[in-house]
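Single-letter residue listing:
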Amino acid sequence: MYTSSKAKNQRHSFVVGVEYGHEDLFLELELGTFRTTPLHAQRIANSVNSIILLKDHMVVIFKNAESITINDDFLKQVYKFRVCIKPKLPPLELSVLTHQEREEFIRNQAYIVTEEDMKEVSWDIKTAFQYLQQEYEARDQSHFLFTPSSSYVIPLSTHVQQEVQHATY
């Protein structure tokens, strides 16, 4: 008999990735396609601890202290950059706001970034690094630490899963 507990443990193919950002520059990084359970796929997505952008490469650091280095000659196909094109608003000092003002701020659409506010750019790592140095007057900065924005686990269709199985056997 087929039960929901069996369904939870079934393996399927998932594309797993993360999005990290620094100021208005966002990095989408595909971690790979995995044949696993939905829970384990989410754990893979959550395994990234931080991403550091350097002049000519990136370092992805995982929570288990392992890391991988990505440069424009190795694994370029797994990342893409996006820039937020929404005009920047001046920062607010939240501590001086009343509770009601803070609630209104949280719902203020002017401060909320949507997909429509993001523009994909076909930059290599060096271009992204130079952009951050120039845009934020950080010419002396040797690296930029990206912070987590989101993760994704996308199930592949049955047809694609069969292709992945045949490709991996």
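Provided above is the structure to which this section pertains.
Residues numbered from 1 in each chain as written. Predicted model: local features only at pLDDT ≥ 70, side-chain atom pairs only at ≥ 80, totals over all residues. Heavy atoms only, no water.

A. Broad picture of the packing of aromatic side chains. Per the stated rule, a full pass over the model turns up three aromatic pairs. Taking the centre distance of 5.0 Å and the plane angle of 45° together, the rings of W123 and Y131 count as tilted. Judged by centre distance (5.4 Å) and plane angle (65°), the rings of F129 and F144 are edge-to-face. Taken together, the residues span a long stretch of sequence, with F129 in helix α4 (residues 125-135) and F144 in strand β8 (residues 143-155) at a distance of 15 residues. (Phe/Tyr/Trp six-rings, centres within 6.5 Å; stacked < 30°, edge-to-face > 60°. Helix = DSSP H or I, 4+ residues; strand = E, 2+ residues; numbered from the N terminus.)

B. Up close: the sheet that holds strand β7 (residues 118-121). Spatial strand order, β5-β4-β3-β8-β1-β2-β6-β7: eight strands in an open sheet with antiparallel pairing. Strands at the two margins of the open sheet, each flanked by one partner only, are β5 (67-71) and β7. Put simply, the sheet's adjacent strands are angled 30° from each other on average, direction ignored. The pairing of strand β1 (residues 12-22) with strand β2 (residues 25-36) spans eleven bridges and is antiparallel. Within β2, the position partnered with S13 by the bridge is R35. Where helix α2 (residues 38-45) meets the sheet, it contacts β1, β2, β3 (48-54) and β8, and its direction lies at approximately 25° from that of β1. (Pairing = 2+ DSSP bridges. Axes fitted to C-alpha atoms, helices over the stretch in contact; angles between N-to-C directions. Contact = heavy atoms within 4.5 Å.)

C. Molecular detail of the pattern of salt bridges. One pass over the structure, following the stated rule, counts seven salt bridges. For the salt bridge of E115 with R82, the shortest nitrogen-to-oxygen distance reads 2.9 Å. Separated by 33 residues along the polypeptide, E115 in the loop between α3 (99-107) and β7 and R82 in strand β6 (residues 79-84) bring together distant segments of the chain. Given the relative accessible area of 53%, E115 is considered exposed. (Salt bridge = Lys/Arg side-chain N within 4 Å of Asp/Glu carboxyl O. Buried < 20%, exposed > 50% of the residue type's maximum accessible area, 1.4 Å probe, protein only.)

D. View of the environment of R139. By the element assignment, R139 lies in the loop between α4 and β8. Placed ten residues apart in sequence, R139 and F129 show a C-alpha to C-alpha distance of 9.9 Å. Beyond its immediate sequence surroundings of up to four residues, R139 is in contact with Q133 and Q134.

E. Representation of unusual backbone geometry. Within the chain, A65 stands out as a residue other than glycine whose phi angle is a positive 75°. The topology assignment puts A65 in the loop between β4 (57-62) and β5. Residue E137 is not a glycine yet carries a positive backbone phi of 45°. Tracing the backbone through its elements, the reader meets E137 in the loop between α4 and β8.

F. Examining α4 more closely. Listed as buried for α4 are I125, A128, F129, Y131, L132 and Q133. Positive phi shows up at E137, right after α4, with a value of about 45°.

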